[in-house]
Amino acid sequence: VGLFGKIASKFRGLMVAGISKLKQPPGTSAVHIARAASYDEPLTDILATQFEHFRAACPLAGKRVVIKPNLVEYRPDRVINTDPRVIDAVIGLCKKEGAAEIIVAEGPGHWRNVHFLMKESGLAAVLEKHGVRFVDINHDEPVKMLNLGRLTRLDHLYMSRTVLGADVLISVPKLKTHHWAGVTLSLKNLFGTLPGICYGWPKNELHWRGIPQSIVDINCTHGPNLAIVDAITGMEGDGPLHGTPKHVGALIMGLDPVAVDATGARLMGIPPERIPTLVYAAAKRIGRLAEQEIPQLGEPIAALAQKFAMPPLVERELFPAPTPGAGLGS
Amino acid sequence: VSASQELLSRLAGLANPDGGWGYHAGKASHPEPTCLALLAFSADRTQFEPVIARGLAALERNHQSDGGYRLADGRPQAGWPTAIALFTRRALGASPEELKGTIERVLSVESRVMEKDPETTDMETDIDVSLVGWPWAAANFGWVEPTSWAVLALRAVGLENHPRTQQGLKLLLDRAFDSGGANYGNRIVLGTATEPIPGPSAILLLAVQGAVDHPRVDASVGYVRVQAAKSTDLEHLAWGRVALAAHDTDTATRDLLPELDEKIRAAARDPNTSIHRLALAAVALATRSPFVLKAPAQPAAPAPSYAPAPPL
């Protein structure tokens, strides 16, 4: 990077800082929690009831919708991925609402062979049933975007053309603990919107730059319009790959991904103020973190909250507990 | 018409107007699927000469002034296709002299070495993080897949004994599991062992073929053989087939190859097969694999010296 490059980078940084100051948090940070005891419940109907609260602000009718599940790695004995039955229900919701086009897109960070993951996980069968197209983001056309977060100090991010072309991007993560990020929810899920052909397998550059910082930059640059969390069975302990199943029995929905993720963290018994990603995201006005600023719809958090076991070494990744004795559970 | 010929004809028909191939039909050309398609055609250069010429011209549009290859309008740091392009051009007959700039580019790229970090103590005691290999993108850690391609390409152009090739081989052995196979690079993350993955394991085997004699190589052949035998996934089958063809010194491996050929033929019949996977299938079914390096002048050398990893 020559002198001109440094000056250009500085200028871009100032421009982004200006844009950030003008950014307003989402109009509503309401989050809906619905009970869904198992994956055999009528999940589309449950989602449709939840969506009543969000349709006005985020209509799906006539829209090109891209659904981003969390498909990481397939191990038959573990609950690593968003359950395909939840994706089935989200597609059902989009169809019911009259979406013009529905695409499911994913760019796993570990496995290049996403076709294998799709087939083995059962997602391919769901898409075939609905006649919905899948896009492998890792090998999708990259588009150079001005990084509107700049926490990583990267001037640009290369994002998937398919994701950027969506009228509505729906992030559909699974409720999980994460050994580096603390939790992995709708914000972290967007790691998979950056093509592997630009960042590799894993997306090593983003790890070096800081996982929370990278997550926030991605979401500042192109975040989700709607977040739906598969919290029917989550993962506790050594997530995101080696943890154990934890039944919660809920679906979480909202337009503000920070509020949705903060609610997810609270459902896991984790103070969201301890999760760097959520704190940085709130500071960047991607959404709201404070419980009193998040109108709670549906079930109260306390009715379904569980104490999730945390990854063994995660304490060093988190902000300190706000008060003595407020450390994480087992 | 042989299955291989049929796949090659399908591939030829899927070329973009610019002569290259994208990962999927109708998508913009990218150096990697273009190279895999060209490697598939390398087994039948006479019949597909015009297709190869157009493909090489498309590949050259991604040739950078520094000698490297990357998607022309992609992320500048993502130079990992350089080694694949070098290997491909060599397989299609380019001489090391013609490839000088690209060879120098491959040799100039070094992966980032990790510094001591309390968060990665477990990794540092498991693998040798001081080894320099090749990253996916500039200034990143050395991973199995790009390092394997670089080693393979450097060996193909006659740089078997170059210190970078030797250190690359050392890195690959360092990252392989004692029980066989490799993950993308780490064997342990925060105290938990990772698991091998078929694709990178197969590419690692291609890179080390005939160069080192080590129990981890034997174990990796066993891992890839078991995975391929039970798989129905075209990509896993094809990578497994090309890797095993380069390590077919035992009866169990040789006996499996016809069965894999049949499974690859069956899986590739799907008309929706992506170009990337179709090219791999065609390479796997080729009568002469471009991935089998010529026999080295000397017998396989012992593994480069390195401290064996402690038990997990």
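For every chain, the first residue of the written sequence is number 1, and numbering continues from 1 along that sequence. Just so you know, chain letters begin at A and ligand numbers begin at 1, following the order they were written in. Local features in this predicted model are restricted to residues of pLDDT 70 or higher, and side-chain atom pairs are both shown and tallied only at a pLDDT of 80 or more, whereas totals for entire chains, interfaces and linings draw on every residue. With hydrogens and water excluded, all non-hydrogen atoms of the structure serve as input to the side-chain values.

**Q** Could you clarify how one ought to interpret the overall build of chain B in this entry?
**A** Looking only at helices and strands, chain B has 13 helices and four strands in total. Note that the radius of gyration is over C-alpha atoms, with the globule rule given as 2.2 Å times the number of residues to the power 0.38. On C-alpha atoms alone, chain B measures out to a radius of gyration of 19 Å, which is about the 20 Å that the 2.2 N^0.38 rule sets for 312 residues. Considering only C-alpha atoms, chain B reaches an extent of 55 × 45 × 40 Å along its principal axes. Relative accessible area decides the class of each residue, using a 1.4 Å probe on protein chains only: under 20% of the type maximum gives buried, over 50% gives exposed, and in between gives partly exposed. A total of 312 residues make up chain B; the buried ones form 59% of that total. Only the protein chains shown count as cover for residues, and all accessible areas are computed by the Shrake-Rupley method using a 1.4 Å probe. Counting only carbon and sulfur atoms, one obtains 53% of the accessible surface of chain B, whose full area is about 12100 Å². All tallies of charge rest on Lys and Arg as positive and Asp and Glu as negative; His and the ends of each chain are not included. Charge positions are represented by NZ for Lys, CZ for Arg, CG for Asp and CD for Glu. Each charge sign in chain B was given a centre, from 29 positive and 35 negative side chains, and these centres are 4 Å apart. Strands are runs of DSSP state E lasting at least 2 residues, helices are runs of H or I lasting at least 4, and numbering of each runs from the N terminus.

**Q** Is there a simple way to explain the pattern of salt bridges in this structure?
**A** Two side chains carrying opposite charge are able to pair once their charged atoms lie near each other. Residues and elements named next belong to chain A. A carboxyl oxygen of Asp or Glu within 4 Å of a side-chain nitrogen of Lys or Arg is what we treat as a salt bridge. Using the criterion set out here, one finds 38 salt bridges over all chains in the structure. A salt bridge links Asp230 to Lys174, with the shortest nitrogen-to-oxygen separation between them at 2.9 Å. One end of the pair, Asp230, is in strand 10 (residues 226–236); the other, Lys174, is in strand 8 (residues 174–178), with 56 residues separating them in the sequence. Take Asp230 and Lys174: they sit in the same class, and that class is buried.

**Q** I keep staring at the interface of chain A and chain B and nothing clicks. Help me out?
**A** Often the size quoted for an interface is simply the accessible area lost on bringing the parts together. Listed per partner, the contact involves 30 residues of chain A and 35 residues of chain B. Of all residues in chain A, Arg112, Ile197 and Trp208 of chain A give up the largest surface area on contact with chain B, accounting jointly for 20% of the area buried on that side. Connecting chain A to chain B are five salt bridges. The closest approach of N and O atoms between Arg75 of chain B and Glu205 of chain A, which form a salt bridge, is 3.2 Å. Here a polar contact means two N or O atoms within 3.5 Å. Within protein one must be a hydrogen donor candidate and the other an acceptor candidate, and residues neighboring in sequence count only if both atoms are side-chain atoms. The interface formed by chain A and chain B includes 16 residue pairs in polar contact (both at pLDDT 80 or more). Going through the elements one at a time, helix 4 (114–121), helix 7 (196–199) and helix 8 (204–209) of chain A are the ones with two or more residues in the side of chain A that touches chain B. The classification used treats Ala, Val, Leu, Ile, Met, Phe, Trp, Tyr, Cys and Pro as nonpolar, Asp, Glu, Lys and Arg as charged, and all other residues, Gly among them, as polar. In the side of chain A that touches chain B, the residues fall into twelve nonpolar, eight polar and ten charged. We call two residues contacting when some pair of their heavy atoms lies within 4.5 Å. For any pair of parts, buried area is found by adding up, for both, the accessible area (1.4 Å probe) each one loses once the two are put together.

**Q** Explain helix 3 (residues 84–97) of chain A to me, please; I cannot follow it from the model alone.
**A** Along an α-helix, residues three or four positions apart point the same way, because every turn accommodates 3.6 residues. Residues and elements named next belong to chain A. Expected helix span is given by 1.5 Å per residue-to-residue step, counting one fewer step than there are residues. Taking 1.5 Å per residue, 14 residues should reach 20 Å; helix 3 reaches 20 Å between its end C-alpha atoms and fits that length. Within helix 3, eleven of the 14 residues are buried, which leaves it mostly tucked inside the rest of the structure. Burial in helix 3 covers these residues: Pro84, Val86, Ile87, Asp88, Ala89, Val90, Ile91, Gly92, Leu93, Cys94 and Glu97. Sitting at the head of helix 3, Asp83 places a side-chain oxygen 2.8 Å from the backbone nitrogen of Arg85. After helix 3 finishes, the residue Gly98 shows a positive phi value of roughly 85 degrees.

**Q** What is the right way to look at the packing of aromatic side chains in this model?
**A** Each aromatic ring pair is summarised here by two numbers: the centre-to-centre distance and the angle between the ring planes. Residues and elements named next belong to chain B. We call Phe, Tyr and Trp rings a pair once their centres come within 6.5 Å, taking the six-membered ring for Trp, and we label the pair stacked below 30 degrees between planes, edge-to-face above 60, and tilted otherwise. Tallied over the entire structure, the rule returns 13 aromatic pairs over all chains. Centre to centre, the rings of Trp21 and Phe41 are 5.7 Å apart; their planes meet at 35 degrees, and the pair counts as tilted. Here the residue Trp21 occupies a position in the loop between helix 1 (3–13) and helix 2 (31–41), and Phe41 occupies one in helix 2, the gap between them amounting to 20 residues. The two residues Trp21 and Phe41 agree in class, both being buried.

**Q** Would you explain the packing of helix 2 of chain B against helix 4 (residues 81–91) of chain B in this entry?
**A** The axes of two packed helices give the description: the angle between them and the distance between them. All names here are of chain B. Note on geometry: axes are C-alpha line fits, over the in-contact stretch for helices, and angles between N-to-C directions span 0 to 180 degrees. Two numbers describe how helix 2 lies on helix 4: the axes approach to 9 Å, and their chain directions differ by 20 degrees. Compared by their axis directions, helix 2 and helix 4 come out roughly parallel. As for how helix 2 packs across helix 4, the hand of that crossing is left-handed. Only Pro81, Ile84, Ala85, Phe87, Thr88 and Ala91 of helix 4 make contact with helix 2, whose side of the interface consists of Pro31, Glu32, Cys35, Leu38 and Leu39. Class assignment for the residues of the contact of helix 2 with helix 4 results in nine nonpolar, one polar and one charged. Roughly parallel means an angle under 35 degrees; roughly antiparallel means over 145; roughly perpendicular covers 65 to 115; every other angle is labelled oblique. With the far helix as reference, a near helix turned anticlockwise by less than a right angle produces a left-handed crossing, and one turned clockwise produces a right-handed crossing.

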